[in-house]
Amino acid sequence: QHPEVLEKWQKRINYIMVDEVQDTTNPEMYLIDMLAKGHGNLFVVGDPDQNIFEWRGSNVNLFIEFDKNHKNTKSITLDQNYRSTPQIINCANSLISKNRFRLDKTIFTLNPDGEPVVHYHLINEQEEAEKIASLIKEIKENHGDRLSDFVVLYRSSSLSRVIEKVFVKHGIPYEI
């Protein structure tokens, strides 16, 4: 609505870099495109297989179709993983290949083999916490591991409360 303001910022911003562009909304991409028209230096990084914000309006197709909507684009696929074992990478490839909206790629690693991937399909957080507690107790009893050898990672801090309650119930000391 204010061309003079747009022109001011287009002149001032020489380069624009957008990380996690797969989580961009339509209004955000509109703003990015308007600003980038000044110098034409737009660099985006993302992975459509990691789109997790559709619930807040992100549109993964903005990234999937980026080079169709932005002329003179050069795409570089970074498909080598440096952290995970082949077992984890194969599991990930199997899962992400089922995504409907994606850019075709197969992740690989040169890392040595690791433990097999184990998956438990559980109904809710309570059942999950119970499974975690039983696995800790089982491994500790069968292998003599110390409780300080175990770590539980969770995606959201809200999940910790259920795990804490189950650990207390089973007499498993813990630190957060």
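Details of the structure are given in the entry above.
The structure contained in this document is the topic of the report that follows. (Residues numbered from 1 in each chain as written. Predicted model: local features only at pLDDT ≥ 70, side-chain atom pairs only at ≥ 80, totals over all residues. Heavy atoms only, no water.)

### Focus on the packing of helix H6 (residues 125-143) against helix H7 (residues 160-169)
Stage number 1. H7 packs onto H6 with a crossing angle of 45° between their chain directions and a minimal axis gap of 9 Å. Put simply, H6 runs oblique to H7. The interaxial crossing formed by H6 with H7 has right-handed handedness. Contacts between H6 and H7 pair Glu-125, Gln-126, Ala-129, Glu-130, Ile-132, Ala-133 and Ile-136 from the former with Val-162, Ile-163, Val-166, Phe-167 and Lys-169 from the latter.
Stage number 2. The residue inventory of the contact of H6 with H7, partitioned by class, reads eight nonpolar, one polar and three charged. (Axes fitted to C-alpha atoms, helices over the stretch in contact; angles between N-to-C directions. Helix = DSSP H or I, 4+ residues; strand = E, 2+ residues; numbered from the N terminus. Parallel < 35°, antiparallel > 145°, perpendicular 65-115°, else oblique. Left-handed = near helix turned anticlockwise from the far one by under 90°. Contact = heavy atoms within 4.5 Å. Nonpolar A, V, L, I, M, F, W, Y, C, P; charged D, E, K, R; others polar.)

### Quick notes on the packing of aromatic side chains
Stage number 1. The tally for this structure, following the rule as stated, stands at two aromatic pairs.
Stage number 2. Note on Phe-53 and Trp-55: the rings are 5.9 Å apart at their centroids and 55° apart in plane angle, and the pair reads as tilted.
Stage number 3. Looking at Phe-53, the relative accessible area reads 27%, which means it is partly exposed.
Stage number 4. Given a relative accessible area of 68%, Trp-55 falls into the exposed group. (Phe/Tyr/Trp six-rings, centres within 6.5 Å; stacked < 30°, edge-to-face > 60°. Buried < 20%, exposed > 50% of the residue type's maximum accessible area, 1.4 Å probe, protein only.)

### Things to note about the pattern of salt bridges
Stage number 1. A full pass over the atoms with the stated rule returns eight salt bridges.
Stage number 2. Note that Lys-11 and Glu-7 form a salt bridge whose closest N and O atoms lie 3.0 Å from each other. Here Lys-11 and its partner Glu-7 are both found in helix H1 (residues 3-12), four residues apart, which amounts to about one turn of the helix.
Stage number 3. Across the salt bridge formed by Asp-104 and Arg-102, the nearest N and O atoms sit 3.7 Å from each other.
Stage number 4. Overall, Arg-102 belongs to the buried group, its relative accessible area being 18%.
Stage number 5. Overlapping salt bridges bring together Asp-47, Asp-49, Arg-102, Asp-104 and Lys-105 as one network. (Salt bridge = Lys/Arg side-chain N within 4 Å of Asp/Glu carboxyl O.)

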